[in-house]
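Observations on the model geometry
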Amino acid sequence: MAPGAALPTADGFAGTLPESAVDAVLRMALQEDAPYGDITSQTLIPAGARATAVLNAREPGVLSGGAVFAAAMKLTDPDAVVDLLVRDGEAFAAGTALATVTGNARAVLLAERVALNLVQRMSAIATKTAGFVALVAGTKARITDTRKTTPGLRVLERYAVRCGGGANHRFSLSDAVLAKDNHLAVLSGGDPEKLTAVLRNAKAHLGHTTHFEVEVDSMAQIEPVLAAGVDTIMLDNFTLADLAAGVALVAGRARVEASGNVNAGTVADIAATGVDVISIGGLTHSVIALDLGLDIGLDMAPGTRSGAGPTAG
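Here is a short report on the structure shown in this document. Since the model is a prediction, treat every value here as computed from it, not as a measurement.

Parameters and conventions
Residues numbered from 1 in each chain as written. Predicted model: local features only at pLDDT ≥ 70, side-chain atom pairs only at ≥ 80, totals over all residues. Heavy atoms only, no water. Helix = DSSP H or I, 4+ residues; strand = E, 2+ residues; numbered from the N terminus. Buried < 20%, exposed > 50% of the residue type's maximum accessible area, 1.4 Å probe, protein only. Contact = heavy atoms within 4.5 Å. Areas by Shrake-Rupley, 256 points an atom, 1.4 Å probe, with all protein chains shown as cover. Expected span 1.5 Å × (residues − 1). Bend = angle between axes of the 7 residues up to and from the residue. Polar contact = N/O pair within 3.5 Å; in protein donor to acceptor, adjacent residues only side chain to side chain. Pairing = 2+ DSSP bridges. Axes fitted to C-alpha atoms, helices over the stretch in contact; angles between N-to-C directions.

Structural notes on the overall build of the protein chain
Of the regular secondary structure elements, the protein chain holds 11 helices and 12 strands. Among the 313 residues that make up the protein chain, the fraction classed as buried is 45%. A separation of at least 24 residues holds for 70% of the contacts in the protein chain among residues at least 6 apart in sequence. For the protein chain, the accessible surface area stands at approximately 14600 Å², while carbon and sulfur atoms represent 55% of it.

Describing helix α4 (residues 105-135)
Taking 1.5 Å as the rise per residue, α4 with 31 residues should run 45 Å; its terminal C-alpha atoms sit 43 Å apart, in good agreement. Where α4 bends most, the angle comes to about 40 degrees, and this point is Glu112. Looking at where α4 begins, the residue whose side-chain oxygen comes 3.0 Å from the main-chain nitrogen of Arg106 is Asn104.

Concerning the sheet that holds strand β8 (residues 212-216)
Read across the sheet, six strands follow the order β6-β11-β10-β9-β8-β7 without closing on themselves; strand pairing throughout is parallel. For this open sheet the edge positions go to β6 (142-144) and β7 (177-179), each flanked by a neighbour on one side alone. Direction aside, neighbouring strands of the sheet carry axes that sit 25 degrees apart on average. Direction of pairing for strand β10 (residues 255-259) relative to strand β11 (residues 277-279): parallel, over a ladder of three bridges. Each residue of the ladder has a partner; that of Ala258, found in β11, is Ile278.

What about the sheet that holds strand β12 (residues 292-299)?
Paired through backbone hydrogen bonds, the strands of a sheet run either parallel or antiparallel to each other. On the basis of which strands lie adjacent, the open sheet formed by four strands has the order β3-β5-β1-β12 and antiparallel pairing. The sheet is open, and its two edges are formed by β3 (81-84) and β12, each paired on a single side. If you compare each strand with its neighbour and ignore which way they point, the axes differ by 15 degrees on average. Of the strand pairs in this sheet, strand β1 (residues 50-57) and β12 are connected by eight bridges, and their pairing is antiparallel. Following the sheet pairing, Ala53 is matched in β12 by Ile296.

Some details on the side chain of Glu157
Within the fold, Glu157 resides in helix α5 (residues 154-163). Glu157 gets classed as buried once you look at its relative accessible area, which sits at 1%.

Written as structure tokens, this is what we have:
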């Protein structure tokens with residue numbers, strides 16, 4: 001594929017997983033895992049052996065990373081044949097075969113751990129996100145991630161959130177203004193009355209397409225922030241009562257985001273206050289890998305034997 005092209009994904013996510021970014025992650029991971037080759041497979045597995053492997057689900061979930069799994073296998077064996085049986089964003093039951101791969105046995109074993117690590121983590125994120133999305137069904141609240149992602153894996157983890165039905169917050173510090181409590185403390189010295197002028201002046205220096213969001217931690221800050229004409233106001237660690245009061249006070253003058261103390265037991269009540277967005281760092285920073293396994297069968301070519309010794313491959 002051409003540089004900058006997108007890997008083929010499920011229909012709803014087409015064009016959203018850049019091939020170049022995936023390739024960079026995979027190459028880095030393989031260099032870390034096998035800097036000088038896989039001496040175990042080179043020692044035990046004949047160079048000409050073929051393998052067929054099945055990616056099996058050992059627990060239910062929502063798939064994300066099928067194309068990443070395939071790209072990992074293709075990176076170690078360009079001639080490998082990968083068949084994705086479940087699409088990204090699709091729910092599956094325990095025992096479901098998610099994908100099959102047939103290729104050079106050494107290459108499949110070389111890619112196995114990297115491919116599994118990534119698809120397990122991405123599917124865990126998609127599954128967790130889908131759970132939160134289901135809990136706020138019937139409200140206008142959107143579930144979004146945060147920048148609390150694994151360094152180097154943000155493009156994959158953000159994609160996984162979308163596979164689970166969530167949305168993405170700003171991708172990086174370069175994408176939008178988000179003035180948080182520490183910024184405001186420096187700028188205003190803690191005086192809400194100074195906020196409007198400071199924020200209005202800052203916004204005047206931005207391009208017209210740049211989103212401007214401000215985090216507040218008290219009701220007293222809401223009006224001064226709104227007066228600056230911000231696009232989104234984040235109500236951080238507000239009680240449910242204060243969230244509802246904050247939504248009423250904003251009255252449609254800006255998008256309202258809720259953050260802090262969001263979990264499976266609180267998210268429905270937070271959504272019921274009328275907020276537009278609920279951001280959850282836990283979608284990415286504390287997931288437990290979904291239990292997926294790669295079951296491999298070797299097909300030895302005639303006349304080959306194990307223990308053939310290491311080769312240049």
